[in-house]
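What follows is the residue order along each chain.
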Number of protein chains: 2
Amino acid sequence: MRLTPAVELEYRCHKLQEYMQSALLDAVIIVQNADLFYFTGTVQSGNLYVPASGQPLYLVRKDAGRARMESGLKEVVPFGSIKDIPAVLAQYGYPLPKRIGLELDVLPVNFYKRYCGLFPNADFSDATPLVRKVRMIKSHYEIHLMKDAADQVDLVYRRAREVIRVGKTDIDVAAELEYAARKDGHQGLIRMRGFNSDICYGQIFSGTDSAVPAYADTPLGGMGLNPSFGQGAGLKRIEAHEPVIIDFAGCVDGYLCDQTRVFFVGKPSDRLRHAYDDMLEIQALMMRVVEVGMSWGTLYDICQSRAVQMGYADNFMGATGSQVSFIGHGLGIEIDEYPFIARGFHHMLLEEGMTFAFEPKAVFPGEGAIGIENTFYLSNEGFKRLTHSADELVILN
Amino acid sequence: MRLTPAVELEYRCHKLQEYMQSALLDAVIIVQNADLFYFTGTVQSGNLYVPASGQPLYLVRKDAGRARMESGLKEVVPFGSIKDIPAVLAQYGYPLPKRIGLELDVLPVNFYKRYCGLFPNADFSDATPLVRKVRMIKSHYEIHLMKDAADQVDLVYRRAREVIRVGKTDIDVAAELEYAARKDGHQGLIRMRGFNSDICYGQIFSGTDSAVPAYADTPLGGMGLNPSFGQGAGLKRIEAHEPVIIDFAGCVDGYLCDQTRVFFVGKPSDRLRHAYDDMLEIQALMMRVVEVGMSWGTLYDICQSRAVQMGYADNFMGATGSQVSFIGHGLGIEIDEYPFIARGFHHMLLEEGMTFAFEPKAVFPGEGAIGIENTFYLSNEGFKRLTHSADELVILN
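Keep in mind that what you see is a predicted model, and the values were worked out from it rather than measured.

## A closer look at the domain arrangement of chain A
Residue and element names in this part refer to chain A.
- Domain parsing of chain A yields domain 1 (6–135) and domain 2 (137–396).
- Between the C-alpha centres of domain 1 and domain 2 there is a distance of 33 Å.
- Opposite the 18 residues of domain 1 that make contact, domain 2 presents 16 residues.
- Carbon and sulfur atoms make up 46% of the surface buried where domain 1 meets domain 2, a total of about 1400 Å² over both sides.
- Counting the surface domain 1 buries against domain 2, the share from its top three residues, Phe37, Arg132 and Arg135, is 46%.
- Inspection of the region where domain 1 meets domain 2 yields five salt bridges.
- In this structure, Arg193 and Asp35 form a salt bridge, with 3.0 Å as the shortest nitrogen-oxygen distance.
- Where domain 1 packs against domain 2, one counts eleven residue pairs in polar contact (both at pLDDT 80 or more).
- Looking at the side of domain 1 that touches domain 2, the elements that each hand over two or more residues are α1 (6–22), α2 (33–40) and α6 (128–135).
- In terms of residue count, the dominant contributor to the side of domain 1 that touches domain 2 is α6 (six residues).

The following block contains the structure:
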């Protein structure tokens, strides 16, 4: 079990405070678990009060002892509820904040109203864009953890070569691979920020099921086991000559890596083989053109146009009617972080230290899906790949 | 894969409309996945518009085809975004609502603001208490699914007898049991409504780790694998004569059952053996006194007082400083539904059709935790138990 070094936490808080000063915020109150983990090094039931300058206060209801043990922050303050915040601020000589940032993309309304009642004279705004901007630049420490997650997805990939067989169900394959990841120390939980985003390790499905759209904001969907969680692996049996998609998120010590590979028992059809080569070409194109300073939307447009030019207007990133508007997504603690390699993001630029998964995929309804996904890193020594399983289609006998 | 019968959906919607009329709401807009599943029979990316009377409209962005296939609702309407809602209402001849209910306990602020912008002259209030009241009364169809989930946790319990061994780690045991559940059709995802509530199948831990408090609103916590998800199974190795807690939520076709059993390799200490018998006695007390019409808080008070009288003031439902204020929780689609067998709920009454998990547990820091959990049902033929594994401590050799 690795604890986030105190210097990491200090740097992260300092960056957030820089953004807060530009945004004229007096305080940001961090409430959501992924952000708490990032800024405190632990997840406890509590709030992190970050003033525009000075020490952040980690107010912890349960469990303060663990917060002291696991967090490198100097000030861990036991509290009963958010009603105690003004008194704690007074105790530390901190002024009452007038402009407060909260994570308004995830904070439920009823909680928000309590903060409004607590600071009746304050203005509230959304702190999440600032938090996302801090979090999108990964430190070497974070990259180190993501590399461990990349090793975990490679282990899953190698296990997939052993367990995919004709006649097995998709859920059987999913169970085997999740088991392998869990034995390797996968925490079981994938953090996804978006409201209503359900996820369980990833998405594993074969043939026609891999081409079924679902509610998830992902290029592929899948039937799932039931309409309560109608995505991912279902009860379909694997047949020869059809694609088996293994889209799996490794997670080690809270950090993710995302990878997709496609397996066939026997030969793929010419169409799918050809489409796979084309998706590899889009990956190669992305790797050739990507650079610091390019906008997220431009990188998306270049790759999207190439896919359309290749003839995939009705198949790329979903079949017509179910297409998603991104080809890549940042990841780290959550699987939907900045940057979004997505339509329209022309005002946001790629920066050194960013990581993102890039997943060109094509969907052919009634036949199946195909594509590739790797996790990449814009390091100060150039563009690197974190996931490292072989890119080739895996043909099993 | 079972589809929710249309008559179930009609009845549920009708009940909600009754509560809406009492609360003088013109419309409730259902947005959250668990509620969507309950009222539509599927989870798609969309909104369910429920007028105070008349047909509900299921507005679906992705995927309308699946919504039509999986939902028994008459009106599935493809839409692009919530901006289209007023036009759809006009098309159906529905008036613009003036008093609108939204799920304010889960809906993030940024989404809420979009609804406020869409209906600038409307009053908004929290529809979740109404939704919870509909959902807390289970139909025979729902009980049938929960019985399947009870069979699944029994399968996990039987597998636990085989895999718990001295020298194995808690995470190894968790991996084996999750694998067994997954092969049995567990959907992998446990729905928990509370903001920031993380859960992965349940909580599995041994000895001292079982007595470690965590951020979760659960009587036991556990170390977990890392501070990003610091609860549940960690790397501790099982030793002889210490408790191994298997608290597991089965999930079949979207419905849950929750059960806890305690295993020992070799004999337990006198203190833990004695405490286990006392927790069984509290379960027996609950089963003796529970009845339709009793308040949730009264049932809690009776059992809590008995625990204190027995000498567990510092151990019951957590060790001092980390105690939770409930002994039981409703469950069905989510693991934290009405009723709450919890402190203070004297205004809410037990009703026929309710299901809840009851989990008297005692925590001894530095030694371990012990207790039992079963899922119960207030049927029209009396109080019944859904989970059916043997209640005895399991002593393995």
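## Digging into the state of the cysteines
- The full count for this structure, using the stated rule, is zero disulfides over all chains.
- No disulfide involves Cys200(B); its sulfur sits 7.6 Å from the nearest other cysteine sulfur, which is in Cys200(A).
- On the basis of relative accessibility, which here comes to 7%, the residue Cys200(B) falls in the buried class.

## Regarding the pattern of salt bridges
- One pass over the full model with this rule turns up 58 salt bridges over all chains.
- The residue Arg159(B) makes a salt bridge to Glu162(B) at a minimum N-O spacing of 2.6 Å. Linking Arg159(B) with Glu162(B), this pair stays in helix α7 (residues 140–163), spanning three residues, or about one helical turn.
- Connected through shared salt-bridge partners, Asp35(A), Asp105(A), Arg135(A), Lys138(A), Arg193(A), Glu334(A) and Glu337(A) make up one network.

## Focus on the pairing of strand β1 (residues 27–30) of chain B
Residues and elements named next belong to chain B.
- Both faces of β1 are covered, namely the face carrying Ala27 and Ile29 and the face carrying Val28 and Ile30.
- In terms of strand pairing, β1 meets strand β5 (residues 99–102) through three bridges, oriented parallel. Residue pairing in the sheet places Ile29 in a bridge with Leu102 of β5.

## What to know about the confidence of the model for chain A
- With 100% of its residues at a pLDDT of 70 or more, chain A shows a mean pLDDT of 97.
- Interface confidence for the predicted complex, given as ipTM, is 0.97, next to a pTM of 0.98.

## What about the relation of the copies chain B and chain A?
- For the match of chain B to chain A, the screw axis carries a shift of 0.0 Å, the RMSD comes to 0.0 Å, and the turn is 180 degrees. The transformation just described matches what one would write down for a two-fold rotation axis. Closest approach to the rotation axis within chain B is made by the C-alpha atom of Pro108(B), at a distance of 2.1 Å.
- Most of the interface of chain B is mirrored in chain A: 100% of its interface residues are interface residues there too.

## Some thoughts on empty space enclosed by the protein
- Summed over all chains, the structure comprises nine cavities of 30 Å³ or more.
- Roughly 930 Å³ of internal volume is contained in the largest cavity.
- Surrounding the largest cavity, 42 residues form its lining, Met192(A), Ser197(A), Met192(B), Ser197(B) and Asp198(B) being those nearest its centre.
- Mapped onto the lining of the largest cavity, the elements with two or more residues apiece are α2 of chain A together with α2 (33–40) of chain B.
- Residues of the lining of the largest cavity, tallied by class, amount to 20 nonpolar, twelve polar and ten charged.

## Digging into the sheet that holds strand β12 (residues 355–358) of chain A
Residues and elements named next belong to chain A.
- Spatial strand order, β11-β10-β12-β15-β16: five strands in an open sheet with antiparallel pairing. Each edge of the sheet is formed by a strand with only one pairing partner; in this case those strands are β11 (337–342) and β16 (382–385). Averaged over all pairs of adjacent strands, the angle between strand axes in this sheet comes to 25 degrees, irrespective of strand direction.
- Two strands pair when backbone bridges link them, and strand β15 (residues 374–379) and β16 are joined in this way by four bridges, in the antiparallel orientation. Considered in β16, the bridge of Ser379 is made with Gly382.
- Across the sheet, helix α10 (residues 296–309) is in contact with β10 (326–330), β11 and β12; its angle to β11 comes to roughly 35 degrees.

## Thoughts on the nonpolar core
- Residues Leu16(A), Ile164(B), Leu177(B), Ile246(B), Phe248(B) and Phe263(B) are the most contacted members of the largest nonpolar core, which totals 74 residues.
- Per-element accounting of this core gives the leading share, six residues, to helix α7 (residues 140–163) of chain A.
- If we skip the residues at most four places from it in the chain, Ile246(B) touches Val156(B), Ala160(B), Ile164(B), Val173(B), Leu177(B), Gln203(B), Ile204(B), Gln259(B), Thr260(B), Arg261(B) and Phe263(B).
- Membership of the second largest hydrophobic core comes to 72 residues, among which are Phe229(A), Tyr141(B), Ala150(B) and Leu331(B).

## What about the side chain of Arg66(A)?
- Within the secondary structure, Arg66(A) sits in helix α3 (residues 64–70).
- From its side chain, Arg66(A) meets the backbone oxygen of Gly222(B) in a polar contact 2.7 Å long.
- Discounting chain neighbours no more than four positions away, the residues touching Arg66(A) are Gln44(A), Ser71(A), Val212(B), Pro213(B), Ala214(B), Gly222(B), Met223(B) and Gly230(B).

## Some words on the packing of aromatic side chains
- The final tally for this structure, using the stated rule, is 33 aromatic pairs over all chains.
- Ring centres of Tyr179(A) and Tyr179(B) lie 4.9 Å apart, and the angle between their planes is 45 degrees; this geometry places the pair in the tilted category. Residue Tyr179(A) is located in helix α8 (residues 170–183), and its partner Tyr179(B) is located in helix α8 (residues 170–183); the two belong to separate chains.
- Judged by centre distance (6.1 Å) and plane angle (55 degrees), the rings of Tyr92(B) and Tyr94(B) are tilted.
- Through successive ring pairs, a cluster of aromatic residues spans Trp296(A), Tyr338(A), Phe340(A) and Phe345(A).
- Above the ring of Phe111(A), the side-chain terminus of Arg114(A) is found at 4.8 Å from the ring centroid.
- In this arrangement the basic side chain of Arg12(B) is found over the ring face of Tyr38(B), its NZ or CZ atom lying 4.2 Å from the centre.

What counts as what
- Residues numbered from 1 in each chain as written.
- Chains lettered and ligands numbered in written order.
- Predicted model: local features only at pLDDT ≥ 70, side-chain atom pairs only at ≥ 80, totals over all residues.
- Heavy atoms only, no water.
- Domains from an automatic or database assignment.
- Contact = heavy atoms within 4.5 Å.
- Buried area = accessible area lost by both parts, 1.4 Å probe.
- Salt bridge = Lys/Arg side-chain N within 4 Å of Asp/Glu carboxyl O.
- Polar contact = N/O pair within 3.5 Å; in protein donor to acceptor, adjacent residues only side chain to side chain.
- Helix = DSSP H or I, 4+ residues; strand = E, 2+ residues; numbered from the N terminus.
- Disulfide = S-S within 2.5 Å.
- Buried < 20%, exposed > 50% of the residue type's maximum accessible area, 1.4 Å probe, protein only.
- Pairing = 2+ DSSP bridges.
- pLDDT = per-residue confidence, 0-100.
- Least-squares fit on C-alpha atoms with pLDDT ≥ 70 in both.
- 1 Å grid on protein atoms, 1.4 Å probe; cavity = no way out; pocket = protein on both sides within 12 Å on 5 of 7 lines; lining within 4 Å.
- Points joined across faces, edges and corners; volume = space filled by probe spheres on them.
- Nonpolar A, V, L, I, M, F, W, Y, C, P; charged D, E, K, R; others polar.
- Axes fitted to C-alpha atoms, helices over the stretch in contact; angles between N-to-C directions.
- Core = buried A, V, L, I, M, F, W, Y, C linked by side-chain atoms within 4.5 Å.
- Phe/Tyr/Trp six-rings, centres within 6.5 Å; stacked < 30°, edge-to-face > 60°.
- Lys NZ or Arg CZ within 6 Å of the ring centre and 35° of its normal.

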